[in-house]
Amino acid sequence: MARKMLQFTKLDQRTPDKRSAGTRRVDFDEIYGRFTPDAAGDQASRCEQCGIPFCQIHCPLQNNIPDWLMLTAAGRLEEAYALSSATNSMPEICGRICPQDRLCEGSCVLEQSRHGAVTIGAVEKFITDTAWERGWVKPILPLREREQSVGIIGGGPAGMAAAEQLRAQGYQVTLYDRYDRIGGLLVYGIPGFKLEKSVVERRVDLLARSGVIFKTNFEVGRDATLPELRKAHDAVLIATGVYKARGLSIPGAGLRGVTKALDYLIASNRTGLGDRVAAFEDGTLDAKDKAVVVIGGGDTAMDCLRTAIRQGARSVKCLYRRDRANMPGSQREVINAVEEGVDFVWLTAPEAVLGDERATGVRAHRMHLGVADATGRQSPQPIAGSEFTLEADLVIEALGFEPEDLPAVFGEPRLPITRWGTIQIDPVSKMSGLDGVFAAGDIVRGASLVVWAVRDGRDAAEGIRRYLVAKAAAAPAKAAPLVNA
């Protein structure tokens, strides 16, 4: 059914149904349902079709959101999918995990005018899930196959997005990953209640059917050095992400029961995938019946908190040194966590982890927000005499991530890095100081969002294409075979 646009004066904002906290806190299934075709069309028709599409401007991928909303409202879903997927390598994943409240929906004119933003993420998810069900998502069939090959180090969203774009150009692509499954943090870092693994698996399978070669359990530096990969391929893309966790620097940080966020999430996700994880089975990384304290306020902290709830923790508390308004994580995630039983202890910083050999508690002190720094953000300051203690059997450090020492790990000391340890690249070509070596995603910009990794992977693929075209043009022509020689 075709609908007129600008229906925000008649239709209220509506999100897909969300399972009750009582039912969702006992499993790892996605918490949001899916729009019906009518609901998706109605919500899409609320779009104001702005002359300046702020939703598109503030989307890292510059997705043509107003047009695919209009097509959805008109019932032209196959065209809506074609338009959505033209700029996004995994719209069904971004529709689920992007912090739309900070990006497209947060910039929607209707949100600013208090009519309630168009529910862009839920419509995007509906469009692409429908496309999968109806067989509109097809393997890549390049118009021509090229002999040149590209090696991609890292099977996360940046590597996957680049692989898709390069295969569409006909290049031979091999994707190397240190884990036993392709997907990176989409598989091992993000819990199923935000992104069910089957959604990632079908996207990985599509790449395999498109001709991308996967080499898993492959560590650069152990199984091959970067110089060796450069010899094996015409170009190499580094898309490893950043996995080195920042740790606590307080007394007791080395006690048993203190763990890194990613170790905890990987153990939980592997267990959910059916793997045997010794540290989970012996209780080390299982929150069941424990008092859990998570330190940090980003999206990774939210994932840990909500995972602990589902594992049956006795209590789950989040320590964050600023207030709720200054949290870096998605406010939607905070709302979901509170509904599920997480206790947020705002304006609090840890002083020490207590215990002899094993953690038994966290001593913390209250904070207040002081004078703003050069960025305009207020700096937290401790309040004298405000110390108190929280019970804690499991303390999870969710303080962010840093790059590994890739020049040393990859066996290539000439790989240029910034003072933060990220790879230094040309902002236009995306190539590093090593000829034919490119980089994309978190290993360039630091820990960031999946949607930015997709954007970076696609941009790097374009830089690689231009490089390989120029390289092929500069190569000496092959001599024609002699006739009747």
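Residues numbered from 1 in each chain as written. Predicted model: local features only at pLDDT ≥ 70, side-chain atom pairs only at ≥ 80, totals over all residues. Heavy atoms only, no water.

Focus on helix H9 (residues 120-133)
For H9, built from 14 residues, the straight-helix expectation of 20 Å at 1.5 Å per residue is met to within 8% by its first-to-last C-alpha distance of 20 Å. With 13 of 14 residues buried, H9 lies mostly within the body of the structure. Just past H9, the residue Gly135 takes up positive phi, approximately 80°. (Helix = DSSP H or I, 4+ residues; strand = E, 2+ residues; numbered from the N terminus. Expected span 1.5 Å × (residues − 1). Buried < 20%, exposed > 50% of the residue type's maximum accessible area, 1.4 Å probe, protein only.)

Focus on a nonpolar patch on the surface
Residues Ile52, Phe54 and Ile57 make up a contiguous nonpolar surface patch of about 270 Å² in total accessible area. Locating Ile57 in the fold gives a position in helix H3 (residues 54-57). (Patch = residues over 30% accessible without salt bridge, like charges linked within 9 Å, V, L, I, M, F, W, Y side chains within 5 Å. Areas by Shrake-Rupley, 256 points an atom, 1.4 Å probe, with all protein chains shown as cover. Salt bridge = Lys/Arg side-chain N within 4 Å of Asp/Glu carboxyl O.)

Here's the deal with the sheet that holds strand E16 (residues 437-439)
Strand pairing in a sheet is mediated by backbone hydrogen bonds. Such pairs are either parallel or antiparallel. Taking strand neighbours across the sheet as the criterion, the 5 strands line up as E3-E2-E1-E4-E16 in an open arrangement whose pairing is parallel. Two strands lie at the open edges of the sheet, namely strand E3 (213-215) and E16, each paired on one side alone. Strand after strand, the sheet turns through a mean of 20° between neighbouring axes, direction not considered. As paired strands, strand E2 (residues 172-176) and E3 are joined by 3 bridges and run parallel to one another. Its bridge partner being in E3, Leu175 is matched across the sheet by Phe214. Each of strand E1 (149-153), E2 and strand E4 (235-238) is contacted by helix H10 (residues 157-168), which is oriented at about 170° to E2, the strand it contacts most. (Pairing = 2+ DSSP bridges. Axes fitted to C-alpha atoms, helices over the stretch in contact; angles between N-to-C directions. Contact = heavy atoms within 4.5 Å.)

Thoughts on the side chain of Lys290
Here Lys290 is to be found in the loop between helix H15 (278-281) and strand E7 (291-295). Put simply, Lys290 is tucked away with no salt bridge, and the nearest opposite charge, on Asp286, sits 6.7 Å away. Beyond its immediate sequence surroundings of up to four residues, Lys290 is in contact with Gly283, Thr284, Ala313, Arg314, Ser315, Asp393 and Leu394. (Lys, Arg positive; Asp, Glu negative; His and termini not counted.)

Side note on the nonpolar core
Formed by 101 residues in total, the largest nonpolar core has its most connected members in Leu69, Ile152, Leu186, Leu237 and Ile238. The element that contributes the greatest number of residues to this core is helix H20 (residues 450-474), accounting for 9 residues. If we ignore the near neighbours within four places in the chain, the residues touching Leu69 are Met5, Ala44, Cys47, Val118, Ile120 and Val123. (Core = buried A, V, L, I, M, F, W, Y, C linked by side-chain atoms within 4.5 Å.)

Some thoughts on the pattern of salt bridges
Inspection of every chain in the model, using the stated rule, returns 42 salt bridges. Two residues, Arg458 and Glu164, come together in a salt bridge whose shortest N-O distance is 3.6 Å. Remark: Glu164 occurs in helix H10 and Arg458 occurs in helix H20; sequence separation between them is 294 residues. The pair Arg458 / Glu164 is uniform in exposure class, with both members buried. For Arg246, the salt bridge identified is with Glu402, shortest N-O distance 3.2 Å. Of this pair, Arg246 sits in the loop between strand E5 (244-245) and strand E6 (258-260) while Glu402 sits in strand E15 (residues 401-402), and the two are 156 residues apart along the sequence. Here the residues in one salt-bridge network are Lys18, Arg24, Arg306, Arg310, Glu333, Glu339 and Glu340, joined through shared partners.

Comments concerning helix H12 (residues 197-209)
For H12, which comprises 13 residues, the first-to-last C-alpha distance of 18 Å matches the rise-based estimate of 18 Å (1.5 Å per residue) to within 8%. Buried residues in H12 make contact with helix H6 (91-97), H9, H10, helix H11 (185-188), E3 and helix H14 (261-272). Taken from the residues just after H12, Gly211 is the one with a positive phi, measuring 105°.

Some points on the environment of Thr240
Inspection of the secondary structure assignment puts Thr240 in the loop between E4 and E5. For Thr240, a relative accessible area of 13% corresponds to the buried category. Between the C-alpha atoms of Thr240 and Gln62, which are 178 residues apart in sequence, the distance is 24 Å. The residues contacting Thr240, other than those within four sequence positions of it, are Ile153, Gly154, Leu406, Phe410 and Ile443.

Some details on the packing of H10 against H20
Orientation of H10 relative to H20, taken along the N-to-C sense of each, is 40°, at an axis distance of 7 Å. Here the hand of the crossing between H10 and H20 comes out right-handed. Together, Pro157, Ala158, Ala161, Ala162, Glu164, Gln165 and Leu166 of H10 and Val450, Ala453, Val454, Gly457, Arg458, Ala461 and Ile464 of H20 make up the contact between the two elements. Tallied by class, the residues present in the contact of H10 with H20 amount to 10 nonpolar, 2 polar and 2 charged. (Left-handed = near helix turned anticlockwise from the far one by under 90°. Nonpolar A, V, L, I, M, F, W, Y, C, P; charged D, E, K, R; others polar.)

Concerning unusual backbone geometry
A positive phi angle, close to 55°, is found at Gln49, a residue other than glycine. With respect to the helices, strands and loops of the structure, Gln49 is situated in the loop between helix H2 (37-44) and H3.

This is a description of form; function is not addressed.
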